[in-house]
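# Inside the fold
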Amino acid sequence: MVMANRAGGSLNRISFLIFAFLFNQGLDSSLVAGANTIGIGDELNSSSNPLVSPRGTFSLGFFNLSYSSYLGIWYTSDIQARTVWVAKPNTPLRDSAVLTIDGAGILKITSDGNTVINISDQVGTRNVTATLHDSGNFVLMDQTEKRILWQSFDNPTNTLLPGMKLGQNLRTLQNWSLTSWLNYNDPSSGAFTLRWEPTQESGQLVMYRRGEVYWKSGLSKNQSFEFMPAIFNSPRIDDYNLSYGVSNINDEFSFTIHAHGGNSTRWVLTPNGQIRERFTTSSGDYNYSISAKDFCYGYESDNGCAESVVPQPECRDRNSYPESPGSWSASSHRRHVIGMISYYY
């Protein structure tokens, strides 16, 4: 018995020394597998375990793309780790980037001890935490005042998750819109923006290309849109619905998608100006185009493409057909080239 006590005491002392060493080396909650929250002074870097939401739905951490590093969120179950949100996508980071909360409660990314970007700019108390929720929302909270200082849902990138909003808060002038990536390997701002715009009847999704109206969904009616007939062509139609409206309580107009059953649903605005619905079920991964499938070539069409204010060449008019096969071949090639330019630029 005495030997056991001595052995136990030795083990306890060894454990204490190990803990003290790790503590002095800067052990923080972000390094613990499965943690979903960081506090003031904690650090998350590329070698840390990612933050994981309580039920394991989402993960947050650093990822590399085209020789640059970014901070992002992805579905934990997605083996490709396709991000649904990227922090400051127009600012590529170095591999030495660190996510932390400073003493003023500001969520920031540093590199070699210097601030690279401030993700949030509101100052909080000494009791501020950043938590990844199962909705995919990363929330910076002043725990003393129970006040949200910043949240990723207010700063969407190219992906609309269930519960996120498109629209505007009329009181704070907070806008919620999607912006496409430059291309599939570069998350910086691309050519397309997707917004929700209310009407007297209901509202519609409006896509802009470099500030000009490019495509409209048509008015929302009966859980669908005039030019988005494919929204519910999926195996889980009963688990999916849309909501929109003007809230006098919150002084906002907004559009939201809702999905039930945890099927990793999201809408993605692609670099070529499509809205694609991606989700996973027990039977596999699905990827649907739910907006115009082809490029908008400048004429008004039956798939929501906006009429261009710039006169278009005759060969780009959908109702104009050249008389000779030779002319048809040339015009088809011209249209294809224009389409490629629209895609990449």
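Residues numbered from 1 in each chain as written. Predicted model: local features only at pLDDT ≥ 70, side-chain atom pairs only at ≥ 80, totals over all residues. Heavy atoms only, no water.

As annotated in an unreviewed UniProt entry, the chain carries the name Bulb-type lectin domain-containing protein and comes from Nyssa sinensis.

### Some thoughts on the overall build of the chain
Each helix and strand in the chain was counted, giving 2 helices and 26 strands. For the chain, buried positions account for 45% of its 345 residues. For the chain, long-range pairs separated by at least 24 residues make up 41% of all intrachain contacts whose partners lie at least 6 apart in sequence. (Helix = DSSP H or I, 4+ residues; strand = E, 2+ residues; numbered from the N terminus. Buried < 20%, exposed > 50% of the residue type's maximum accessible area, 1.4 Å probe, protein only. Contact = heavy atoms within 4.5 Å.)

### Quick word on empty space enclosed by the protein
One pass over the structure, following the stated rule, counts 2 cavities of 30 Å³ or more. Of the volumes computed, that of the second largest cavity is approximately 40 Å³. Taken together, the residues of the lining of the second largest cavity sort by class into 6 nonpolar, 3 polar and no charged. Each of domain 1 (34-153) and domain 2 (156-310) contributes no fewer than three residues to the lining of the second largest cavity. (1 Å grid on protein atoms, 1.4 Å probe; cavity = no way out; pocket = protein on both sides within 12 Å on 5 of 7 lines; lining within 4 Å. Points joined across faces, edges and corners; volume = space filled by probe spheres on them. Nonpolar A, V, L, I, M, F, W, Y, C, P; charged D, E, K, R; others polar. Domains from an automatic or database assignment.)

### Section: the sheet that holds strand β18 (residues 203-209)
Read from one edge of the open sheet, 4 strands run β16-β17-β18-β19, paired in antiparallel fashion. Two strands in the sheet have a free side with no partner beyond their single neighbour: β16 (178-183) and β19 (212-216). Between one strand axis and the next, the sheet turns through 35° on average, direction left out of account. (Pairing = 2+ DSSP bridges. Axes fitted to C-alpha atoms, helices over the stretch in contact; angles between N-to-C directions.)

### A word on the side chain of Q168
Among the secondary structure elements, Q168 is positioned in strand β14 (residues 166-169). Classification of Q168 as buried rests on a relative accessible area of 19%. Setting aside its immediate chain neighbours within four residues, Q168 contacts L173, Q174, N175, W176, D251, E252 and F253.

### Comments concerning the packing of aromatic side chains
Applying the stated criterion across every chain yields a total of 12 aromatic pairs. Plain terms: the ring middles of W196 and F255 are 5.0 Å apart, the flat faces sit at 20° to each other, and that makes the pair stacked. Within this pair, whereas W196 is found in strand β17 (residues 186-198), its partner F255 is found in strand β23 (residues 252-259), the two being separated by 59 residues in sequence. Pair check on accessibility: W196 and F255 agree, each one buried. Geometrically, the ring pair formed by F279 and Y288 is stacked, given 6.2 Å between the ring centres and 10° between the ring planes. The exposure class assigned to F279 is buried, which follows from its relative accessible area of 1%. According to the relative accessible area criterion, Y288 is partly exposed, its value standing at 26%. Clustering of aromatic rings is evident, with ring pairs tying together W196, F225, F255 and W267. (Phe/Tyr/Trp six-rings, centres within 6.5 Å; stacked < 30°, edge-to-face > 60°.)

### Considerations on the nonpolar core
Counting 57 residues, the largest nonpolar core has L99, L107, F138, F255 and W267 as its most contacted members. For this core, the element with the highest residue contribution is β17, accounting for 4 residues. Residue assignment places this core across two domains, with domain 1 (34-153) and domain 2 (156-310) each supplying three or more. Not counting residues up to four positions away in its chain, the partners in contact with L107 are I38, L99, T100, I101, N118, I119, S120, A130, F138, L140 and W150. (Core = buried A, V, L, I, M, F, W, Y, C linked by side-chain atoms within 4.5 Å.)

### Some thoughts on the side chain of T131
Among the secondary structure elements, T131 is positioned in strand β10 (residues 128-132). With a relative accessible area of 14%, T131 lands in the buried category. In terms of polar contacts, T131 uses its side chain to reach the side chain of T37, at 2.9 Å. Apart from the residues lying within four places of it in its own chain, the contact partners of T131 are N36, T37, N137, F138 and V139. (Polar contact = N/O pair within 3.5 Å; in protein donor to acceptor, adjacent residues only side chain to side chain.)

### A word on the state of the cysteines
This model, assessed by the stated rule, comprises 1 disulfide. Linked covalently through their sulfurs, C296 and C305 form a disulfide whose S-S length is 2.0 Å. Residues C296 and C305 share a disulfide whose torsion about the S-S bond is about -80°; that sign makes it left-handed. Judged by its relative accessible area of 5%, C305 falls in the buried class. (Disulfide = S-S within 2.5 Å.)

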